[in-house]
Amino acid sequence: MAEAADSQGMTPSPAHRWLRRTAALLVGAPLFAGLLSATATPAAQAEDSTSTQNVQVSLDSVAPKAPVKSDTLTISGRVTNKGRQAVTGAHVGLRVGPKLSGRTAIDEAATRTGYSPSSDAAEIGDGYTVKFDKLDTGISQDFTLSVPVSKLSLGEDGVYQLGVSVSGQTANQRYDQVLGIQRTFLPWQPEATEGKKSQLTFLWPLVSSAHLTAQTGSDAQQTPVFTDDSLAKEIGPGGQLEQMVSLGRQLPVTWVIDPDLLATVDAMTRNYKIKVGDNLVAGTGQDVAKEWLSSLEAAVQGEKVVALPFADPDLASLAHHGRDVPGSLSHLQSATEVAQKTIDTILHVTPSVDYSWPVDGAVDPSIVDVATSAGAHNVIARSDSLRDGAVAYAPTAARPIGGGTNAIVADARLSTAFQGDMSMADTSTLAVQEFLAQTLAITLQDTEKQRSIVVAPQRMPTVSQAQTMAAALHALDPQRWTQPLDLSGAATAKPDPLATTKVPGAGAYPDSLRQQELPVNAFQDMKNTQGTLDKFKVILTAPDRVVTPFGNAINREMSTSWRGDSGGAQNYRSGVQLYLDSLTDQVNLIQKSTATMSGRSATIAVTVQNKLVQGVDHLVLRLQPKSPTRLQLGQDGDAIGEQPVKVDGDRSQSVKFTAIANANGPVPVTARLYTEDGTPYGEPMEFTVQVSEITPTVMLVIAGGVLLLVLAGIRMYTHRKRSMAREESEENGDPGQSNGSPGTDPGQPSDPAPDTGPESGAAPGPGEKVDH
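In this text the structure is predicted, and so the values were computed from the model without any measurement.

A. Structural detail: the overall build of the protein. For the protein, the helix and strand inventory stands at 21 helices and 29 strands. For the protein, the proportion of its 772 residues judged to be buried stands at 45%. Within the protein, counting contacts between residues at least 6 apart in sequence, those at least 24 apart form 78% of the total. Counting only carbon and sulfur atoms, one obtains 51% of the accessible surface of the protein, whose full area is about 37600 Å².

B. How the structure looks around the environment of Ser383. Looking at the element boundaries, Ser383 is found in the loop between β16 (378-382) and β17 (398-402). For Ser383, a relative accessible area of 23% translates into the label partly exposed. Sequence separation of Ser383 and Ala412 is 29 residues, and the distance between their C-alpha atoms is 5.3 Å. Apart from the residues lying within four places of it in its own chain, the contact partners of Ser383 are Val409, Ala410, Asp411 and Ala412.

C. Region of the structure containing the nonpolar core. Grouped together as the largest cluster of nonpolar side chains are 75 residues, with contacts concentrated most on Leu621 and Leu623. Aside from chain neighbours lying at most four places away, what touches Leu621 is Leu589, Val606, Val608, Gly641, Glu642, Gln643, Val645, Val655, Phe657, Ala671, Arg672 and Leu673. Within the second largest apolar cluster, 66 residues are counted, among which are Ile106, Ile235, Leu251 and Ala339.

D. Spotlight on the pattern of salt bridges. The tally for this structure, following the rule as stated, stands at 19 salt bridges. With a shortest N-O distance of 3.6 Å, Arg78 and Asp60 are connected by a salt bridge. Taken together, the residues span a long stretch of sequence, with Arg78 in strand β2 (residues 72-81) and Asp60 in strand β1 (residues 55-63) at a distance of 18 residues. Of the residues examined, Arg78 reaches a relative accessible area of 30% and is grouped as partly exposed. Residues Asp142 and Arg78 are paired through a salt bridge, measuring 3.3 Å at the closest nitrogen-oxygen approach. Placement of Asp142 in strand β5 (residues 140-148) and of Arg78 in strand β2 is noted, with a sequence separation of 64 residues between them. According to the relative accessible area criterion, Asp142 is exposed, its value standing at 54%. Within this structure, Asp60, Arg78 and Asp142 form a network of salt bridges that share partners.

E. Focus on helix α6 (residues 240-248). Across the nine residues of α6, seven count as buried, placing the element largely inside the fold. Looking at α6, one finds that the buried residues are Gln240, Leu241, Gln243, Met244, Val245, Leu247 and Gly248. Buried-residue contacts for α6 involve β8 (198-206), α5 (230-235), β11 (254-257), α7 (259-268), α8 (286-300) and α14 (463-475).

F. Quick peek at a nonpolar patch on the surface. Taken together, Leu708, Leu711 and Ile714 make up a surface patch of nonpolar side chains, about 270 Å² in accessible area. As for its position among the elements, Leu711 is in helix α20 (residues 696-731). Of the residues examined, Leu711 reaches a relative accessible area of 48% and is grouped as partly exposed.

G. Fine view of the environment of Arg651. Among the structural elements, Arg651 can be located in strand β27 (residues 651-661). Measuring from C-alpha to C-alpha, the distance between Arg651 and Gln609 comes to 6.3 Å, with 42 residues separating the pair along the chain.

H. Representation of the packing of aromatic side chains within the structure. Counting across every chain of the model gives six aromatic pairs. Relative to Tyr272, the ring of Phe226 has its centre 4.8 Å away and its plane inclined at 55°; by these criteria the two rings are tilted. Taken together, the residues Phe226 in strand β10 (residues 224-226) and Tyr272 in the loop between α7 and β12 (273-276) connect sequence positions 46 residues apart. The burial state of Phe226 is the same as that of Tyr272; both residues are buried. Aromatic ring contacts, followed pair by pair, group Phe202, Trp204, Phe418 and Phe435 into a single cluster. One cation-aromatic arrangement involves Arg459 over Trp357; the distance from NZ or CZ to the ring centre is 4.4 Å. The aromatic ring of Tyr674 is capped on one face by Arg622, whose charged end is 4.1 Å from the ring centroid.

I. Here's a closer look at the pairing of strand β3 (residues 87-99). In this structure, β3 lies alongside strand β4 (residues 129-135), joined through six bridges in antiparallel fashion. Residue pairing for β4: Val87 is matched across the bridge by Leu135. Bridging between β3 and strand β6 (residues 158-169) involves eight bridges; their strand directions are antiparallel. When the sheet's bridge partners are listed, Gly93 is paired in β6 with Ser165.

J. Summary view of the pairing of strand β22 (residues 594-597). The alternating pattern of β22 places Ala595 and Met597 on a buried face and Thr594 and Thr596 on a face that is not buried. Strand direction decides the pairing type here: β22 and strand β29 (residues 680-691), joined by four bridges, are parallel. Counted as the bridge partner of Thr596 is Gln690 from β29.

K. Looking closely at the sheet that holds β1. Pairing within the open sheet is antiparallel, and its three strands lie in the order β1-β2-β5. Because the sheet does not close on itself, it has two edges, and the strands there are β1 and β5. Strand after strand, the sheet turns through a mean of 25° between neighbouring axes, direction not considered. Inspection of the sheet shows β1 paired to β2 by eight bridges, in the antiparallel sense. Each residue of the ladder has a partner; that of Val57, found in β2, is Val79.

Reading the values: rules and limits
Every chain's residues receive numbers from 1 upward, in the order its sequence appears when written. A pLDDT threshold of at least 70 governs which residues receive local features in this predicted model, and a stricter bar of 80 or more applies before side-chain atom pairs are shown or counted, although totals over entire chains, interfaces and linings include all residues. Side-chain numbers here rest on the full set of heavy atoms in the structure, without hydrogens or water. Numbered from the N terminus, helices here are DSSP runs of H or I no shorter than four residues, and strands are runs of E no shorter than two. A simple rule labels every residue: compare its accessible area, found with a 1.4 Å probe on the protein chains alone, to the largest value its type can have, and call it buried under 20%, exposed over 50%, or partly exposed in between. Working rule for contacts: check all heavy atoms of both residues, and any pair within 4.5 Å makes them a contact. The Shrake-Rupley method, run with a 1.4 Å probe sphere, supplies the accessible areas, and residue values consider only the shown protein chains as cover. Residues enter a nonpolar core if they are buried and are Ala, Val, Leu, Ile, Met, Phe, Trp, Tyr or Cys, with the set joined through side-chain atoms within 4.5 Å. A pair is scored as a salt bridge if a Lys or Arg side-chain nitrogen falls within 4 Å of a carboxyl oxygen belonging to Asp or Glu. Within the patch definition used here, like charges are joined within 9 Å and nonpolar side chains (Val, Leu, Ile, Met, Phe, Trp, Tyr) within 5 Å, considering only residues with over 30% relative accessible area and no salt bridge. A pair of aromatic rings is counted whenever rings of Phe, Tyr or Trp (Trp by its six-membered ring) have centres within 6.5 Å, and the orientation is called stacked for planes under 30 degrees apart, edge-to-face for over 60 and tilted otherwise. Cation placement over rings: the criterion is NZ of Lys or CZ of Arg within 6 Å of the ring centroid and within 35° of the ring normal. Any two strands with at least two DSSP-identified bridges between them are counted as paired. Interaxial angle, 0 to 180 degrees, is taken between N-to-C directions of lines fitted to C-alpha atoms, where a helix line uses only the stretch in contact.

Worth remembering: the numbers are spatial, not functional.
Below you can see the structure in the form of structure tokens.
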């Protein structure tokens, strides 16, 4: 139809005209591009496109981090040619962008990559550049830029984007272009704010993983046994925990301490052992342990100290899985009770135990319930869990969430600012500058309101992360827009009425965190271990020697530090249970096979062995024949025999039972230990009592004895009859009777007492005991 229209001189349709123009553009595009490249200026090309990052720019330091008007800003770093062509005529320049509008703008600028003329300002002129004649492929060059702050054209207080770019030429593009750029932030408030400063609370955690086993030595000191000697490195020079103490003592922070860490290091100050395979070797960290505790004690004097429950239990795991296993929450109660005493004893300061800290500050109603079940009234949450969508600023951290409980909502951006690898100078520098920028942006949101902001960083910062956090806090020392506040002050601050107080539902809990929780079977393992411990401790004469180390070990099984290490958690639980089982097996019955009774009665002995260092008591040994009509082992004709058991440490005790046989032949007997309340202890032991044949001679002797007894009885009866008859005759006046009966000799009186015969009629003595 289009062809027909054209041949007839008709006007082409709009669709036909569009197709023709598109084809013309496609044909002419290469020619147009060539002409443009020949005539366009480098500056025009730079403004039209975003350059690729052929050269990497790293910023190793920004000093001062928050300058004032009289300062000179010095930026040091490195440029590295990552492209395939050498760069010639290269230079590094500084670009100060406009003031950013708020925290969201800071977030966007931090994630932006590549050079963009629309968002990156022009270079500062007047020769404030560093030049390189040539930058070969794969080669790095250090640089240092120094610019007076007065040359930066900074305006009103706020956060400014700071860009460091490298420009140059390549063989394919022989004109100046931006080949790489790195951005950071410059917080600008040269004078202290005239309004309200933000009150900043920074938590400084001292938390570690489990290092102590449940095993202790058999000596009086109960020498502790460690899984390895890694803790000595952590508290030694340059170690993570050593750095946390040495850095924290110079900072306005709130110390958040796991009492288990203190108890473990305190154990290292004396003799201790290290497990190496199946062997135990002496630990060598006594000196560093003493030095670390001394430094920490000096650092916390007069400072706010918060005690976590012993071993830092995983509150979310308890809430989501532990509550399904009876008794799990009781461990949280005991862990809280021992926390204050541990810190007070070792550091000589009284900590607060009124705070709970779920992992990453993520909460739901069940977590809050568990967190407060042991008496804490303040739950440290995070703003990415309790979201404040109704306010356009960061509200005060404290807020009531019902039931007399407060949520202390830490700022999520600030709390996660130092995660990741901070070992490289450029990542550390960028993190510090962004942290400062965010704190200033918070203050500038509303300078008329006094707001309390809390920072709850990761529980176990690395050395580089700790150093980066310290650098950021030191940059706030001038207190131009923030001022320090401890956690108790943050908890009692007046809540913002517009801030959310609604705890999110269970469905909002992050799946990534839920997948790392301890499973239900972990809490079942703890329940089994506690059950074994409860049965074991009641027989001990010194139960604290066992209850304390195993109670602490069960608390460690719930530790937050097991997140991401499910295999390690399982191995630790199994190790605790196996060691406890080995101790309970130290109190047992020595196996015997047969006890032979050569008579009707015998003494049967069963030996109780105690290989423990301490004595055992409150045990009962019970013997029970399977045929009680054939063999009696108890008193008063009872079939079952019971005897109390008390055995000193590292001793054996024979417990004797009197057995009475009623028939010949073998009789199986079961021996078992029980606690005084009737709970079985240990495994039963079975043996056989072999009753030998009761012979005719023995039966004849028994029958003879019975016959003698009968005859003696008849004679006694006859004698009594005669005496009664004689007395009756005298009373009737019969003189013949008085002189004796006919046929009797009055000069020979009757026997004064019956003849009982020999002792052959008594019960036979005990038979011979035979032990096997």
